[in-house]
Amino acid sequence: MNNLIHSLQHLVSEASAASSPQKRVGGIVSQVKALMDVGVCSLYLADAEVMTLVATEGLNEASVGAIKLRMGEGLVGRIAKTQHPLNVECASQHPAYRSFPDSGEEQFEAFLGAPVVHGGVLVGVLVVEQRTRRKFSQEEESFITTVAAYLGDLDPDDFQCQRDGDLMNGLRGKPVVRRIRGVQGASGVGIGRIVILTGGTDLMDVTDTETDDIQAELKSFGRAVRAVLDDLHSGQQKLAKNISADVAEVFDVYRMLLQSSEFSGLVIRRIQEGNSAPAALRAAVSEYLEKFEAMEDPYLRSRGEDIRNLGNRVYARLRESGELKISEEEKVVLVGTIVSIADIAAYPTAQLAGIISLEGSALSHTAVLSKALGLPAVMGVGHLGEFKQGQLIIVDGHQGEVIISPPPTVLKEFEQLIYSQQARLEQFGKLRDLPAETSDGLRINLLANTGLLSDITPGLSCGAEGIGLYRSEMPFMTSKSFPSEDEQHLVYRAVMEAYGGMPVYMRTLDIGGDKPLPYYPIEEDNPALGWRGVRFTLDHSALFMTQIRAMLRASEGVGGLHILLPMVSLVAEVDSFLVMLDSACAQLEEEGIVIERPRVGVMAEVPAITSLIPFLVGKIDFVSIGTNDLSQYVLAIDRSNARVTHLSDHLHPAVIDTVEKIVMASLSNGMDLSVCGEMAADPCSVVLLLAMGVETLSMAAYGIPEIKWVVRNISRSASREQLKQVRKYHHPEQIRSHLRAFLIDQGLGGIFEPGMGAMIT
Ligand code: PEP
Ligand code: MG
């Protein structure tokens, strides 16, 4: 058992490192056969009641795609039907046995199979067979069950390409049309060429990527090696007089290693196996590093660092030559594990067609950022293996999926959709100067969420009446270190001036959790519950004071500043902030800077705040509900975890109840109240918010026209009736479909047709 368990860890780590879904699934099948020392290992996939053999080691290759069993038919069909493992000593004597001549299966007697289930749904059956009659041991049964469970945890798309035979297409060198499901990050459709973000400048961060053009990769590796050799030579010459013999030796060691056929041969072999040059280089350097780390001599062990350093030098040269040359007219789609704000800032917004993040979910920061910029985004698509630099791709933010190398017919359809999308935006433009007023005369304030200077103009042109949430962590994320007071002042001032006296809710630094700072990593087991928001800034009071001063100075002579504290869960946090605010105001006064004392408020995003609002009377002026984090904490669903994010919905009755309690507590205690999470941008939930008495909504600028259209076409009295009616449902989907029906009834059905213009009034 120990052996098999050990092998299991090996199998899982090999599978996770596989460079493509095909290799992953194929690799698992052949490893299971070898590790269990059996005659056959096969994988069947379920498709509408039919199980098809999609991968085998041991059966006749021609049987792949040809052996099909209905649910309940044969031993495989029986496992599918019962969703239970089957361990049979002599398969041919089993009553459910079904034979397939020519498959070669008749020689095998011992049979063991287990169902593969994903998210509660059967996706396939994993089988091993052996010639000798015998019952497989409990250890073997538990091994196969565990491997099947691991297969079940993979992305269903990994299987899809086995089924589609994409592997064969790929081998023939044809562009592979692939549809990959993720989750919706930001709605809209975009078409552009893929730019893969390689994950920073450290070679060790490079992910496995394949290449279609082995010759080109070999050439760029050769060029990079020559360039580094030149760099080493000129570096050594420059320093010749000033360096000691042992330092000069390091240059020699580097040169020798680069010129050694052993090292270069390793990289070249990996490239010839189909890996990209950076991936091949990383693999070779890792192999060398392992060898050095295993050495006993501490001096030699420490030379591993030299290998790493050298690897990074070659990688830097490879990046230069491998950079995709894209003209400024061409649209690009950024693809990365996580697409950071700095990645986005490297391109003019007009050139970006979409964002694809391998990790993350609808509420992660990359998604929030994409919405702010009006860029379609798909999150949580899994592996990089499928994506190739420069390929054409469609990002369908409505469906949460991407299409790689779309055929012309599909491309045309999506181009049409983009066209209608633009037409719709133009239609909405007509509402810009009309008030957001319900049909029974209630005036609603629509503000913008922002954090980038580049979305100030969209905010104003979409009719924002102020900024309801300025995410101040954004300028911190684009900086290389904590920005100084003057640097912050410059950015905040531009925002305050652009909105000239309109309310601007500036949130103090909210880092930690889903918002990491590249230059200040915080390692925590449970970051969502950790050192984040105001907990972090109060502990770093010097940084906090710098930010408060910069915000106050930015409001000089303009007014409208509201300071918003994130992640508050204790009254004491507000008290500590107020002491700092008093001190900052006094300091500025002494310096001759005249400012109005800003209004102060808290984000309601930790559920604990619900009970604290009465204790905050006299201390704060307003409450802003952050429904993204509030939903995360009420539902215990990590907003960045693509595995569970589909379970999160702000229309869950528990979220609706919590929001309503916060609204009531705030209004009854005389505080101003706004909602700035995604709930404010969802037409369905807006109906409920209006019913509760919310009069200020803040959202990504591009969402404002649609919400204005909704507000202008419903009455508060009708919305109150809807809030009453949804009380009878326990499932968010029931609530959503009830509210959709209501909106369609009000003539607002156009909202639910992506890109379709409707008569806008
Ligand atoms: C929220 O949590 O709802 C919110 C608006 O803030 P962020 O998404 O930036 O955490
Ligand atoms: Mg939040």
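Structural notes, computed from the coordinates. As the structure is a computational prediction, the values presented were derived from the model and not from experiment.

Another point: the pattern of salt bridges. Scanning the model with the defined rule gives 30 salt bridges in all. Notably, a salt bridge pairs Asp629 with Arg532, separated by 3.6 Å at the nearest N-O pair. In this pair, Asp629 is assigned in helix 23 (residues 627–635) and Arg532 in the loop between strand 17 (504–507) and helix 19 (534–539), connecting sequence segments 97 residues apart. When its relative accessible area of 2% is taken as the criterion, Asp629 is described as buried. Of the charged contacts, one joins Arg599 and Asp672 as a salt bridge, the two residues approaching to 2.5 Å between their closest N and O atoms. With Arg599 in strand 19 (residues 599–604) and Asp672 in strand 21 (residues 672–675), this pair connects stretches of sequence that are 73 residues apart. The exposure class of Asp672 is partly exposed, given its relative accessible area of 40%. What you see here is one network of salt bridges that share partners, running through Glu473, Arg507, Asp510, Lys515, Arg532, Asp629 and Arg639.

The next subject is the sheet that holds strand 12 (residues 377–379). One open sheet holds the eight strands; their spatial order is 7-14-13-9-10-11-12-8, and the pairing between them is mixed. The sheet is open, and its two edges are formed by strand 7 (178–181) and strand 8 (183–186), each paired on a single side. Direction aside, neighbouring strands of the sheet carry axes that sit 30° apart on average. As paired elements, strand 9 (residues 189–196) and strand 13 (residues 392–396) share five bridges and run antiparallel to each other. Within the sheet, the bridge partner assigned to Gly192 lies in strand 13 and is Ile393. Against the sheet, helix 14 (residues 365–373) touches strand 8, strand 11 (352–357) and strand 12, its axis set at about 45° to strand 8. With respect to the sheet, helix 15 (residues 408–429) is in contact with strand 9, strand 13 and strand 14 (401–404), its orientation differing from that of strand 9 by roughly 115°.

Position of Asn275 relative to the elements: it lies in the loop between helix 9 (261–272) and helix 10 (277–293). Look past the residues within four positions of Asn275 in its chain and what remains in contact with it is Thr209, Glu210, Thr211, Arg270 and Ala280.

In this section: the coordination of the magnesium ion (ligand 2). Protein coordination at the magnesium ion (ligand 2): the donors are Glu605 (OE) and Asp629 (OD), at 2.0 to 2.2 Å from the metal. Here Glu605, found in the loop between strand 19 and helix 22 (609–612), pairs with Asp629, found in helix 23; they are 24 residues apart in sequence, far enough to count as distant. Judged on exposure class, the residue Glu605 and its partner Asp629 are both buried.

In the neighbourhood of ligand 1, 14 residues make up the surrounding shell, with Arg471, Lys515, Gly626, Asn628 and Arg639 lying closest. Here an oxygen atom of ligand 1 sits 3.0 Å away from a polar atom, N or O, in the side chain of Glu605. In this structure, Asn628 approaches ligand 1 through a main-chain N or O atom, which is 2.7 Å from an oxygen atom. The protein chains hide 100% of the 290 Å² of surface that ligand 1 would expose on its own. At the level of secondary structure, the elements contributing two or more residues to the shell around ligand 1 comprise strand 16 (467–471) and helix 23. Sort the elements by how many residues they give to the shell around ligand 1 and helix 23 lands first, with three residues. When its residues are assigned to classes, the shell around ligand 1 shows three nonpolar, five polar and six charged.

Spanning 20 residues, helix 21 (residues 571–590) covers 29 Å between terminal C-alpha atoms, matching the ideal 28 Å at 1.5 Å per step. Along helix 21, the residues that are buried comprise Val571, Glu573, Val574, Phe577, Leu578, Met580, Leu581, Ala584, Cys585 and Leu588. Buried residues along helix 21 sit in contact with helix 19, helix 20 (541–554), strand 18 (561–565), strand 19 and helix 22. Immediately downstream of helix 21, the backbone of Gly592 shows phi near 80°, a positive value.

The contact between helix 23 and helix 24 (residues 653–668) brings their axes to 10 Å, and the two run at 125°. When the axes of helix 23 and helix 24 are compared, the pair comes out oblique. Between helix 23 and helix 24 the crossing geometry is right-handed. Residue-level inspection shows Thr627, Leu630, Ser631, Val634 and Leu635 of helix 23 in contact with helix 24, the latter providing Ala654, Val655, Thr658, Val659 and Ile662. Here the contact of helix 23 with helix 24 is composed, by residue class, of seven nonpolar, three polar and no charged.

Scoring rules and cut-offs
- Residues numbered from 1 in each chain as written.
- Chains lettered and ligands numbered in written order.
- Predicted model: local features only at pLDDT ≥ 70, side-chain atom pairs only at ≥ 80, totals over all residues.
- Heavy atoms only, no water.
- Salt bridge = Lys/Arg side-chain N within 4 Å of Asp/Glu carboxyl O.
- Helix = DSSP H or I, 4+ residues; strand = E, 2+ residues; numbered from the N terminus.
- Buried < 20%, exposed > 50% of the residue type's maximum accessible area, 1.4 Å probe, protein only.
- Pairing = 2+ DSSP bridges.
- Axes fitted to C-alpha atoms, helices over the stretch in contact; angles between N-to-C directions.
- Contact = heavy atoms within 4.5 Å.
- Donors = N, O, S within 2.8 Å, 3.2 Å for Na, K, Ca; no water.
- Near = heavy atom within 4 Å.
- Polar contact = N/O pair within 3.5 Å; in protein donor to acceptor, adjacent residues only side chain to side chain.
- Areas by Shrake-Rupley, 256 points an atom, 1.4 Å probe, with all protein chains shown as cover.
- Nonpolar A, V, L, I, M, F, W, Y, C, P; charged D, E, K, R; others polar.
- Expected span 1.5 Å × (residues − 1).
- Parallel < 35°, antiparallel > 145°, perpendicular 65-115°, else oblique.
- Left-handed = near helix turned anticlockwise from the far one by under 90°.

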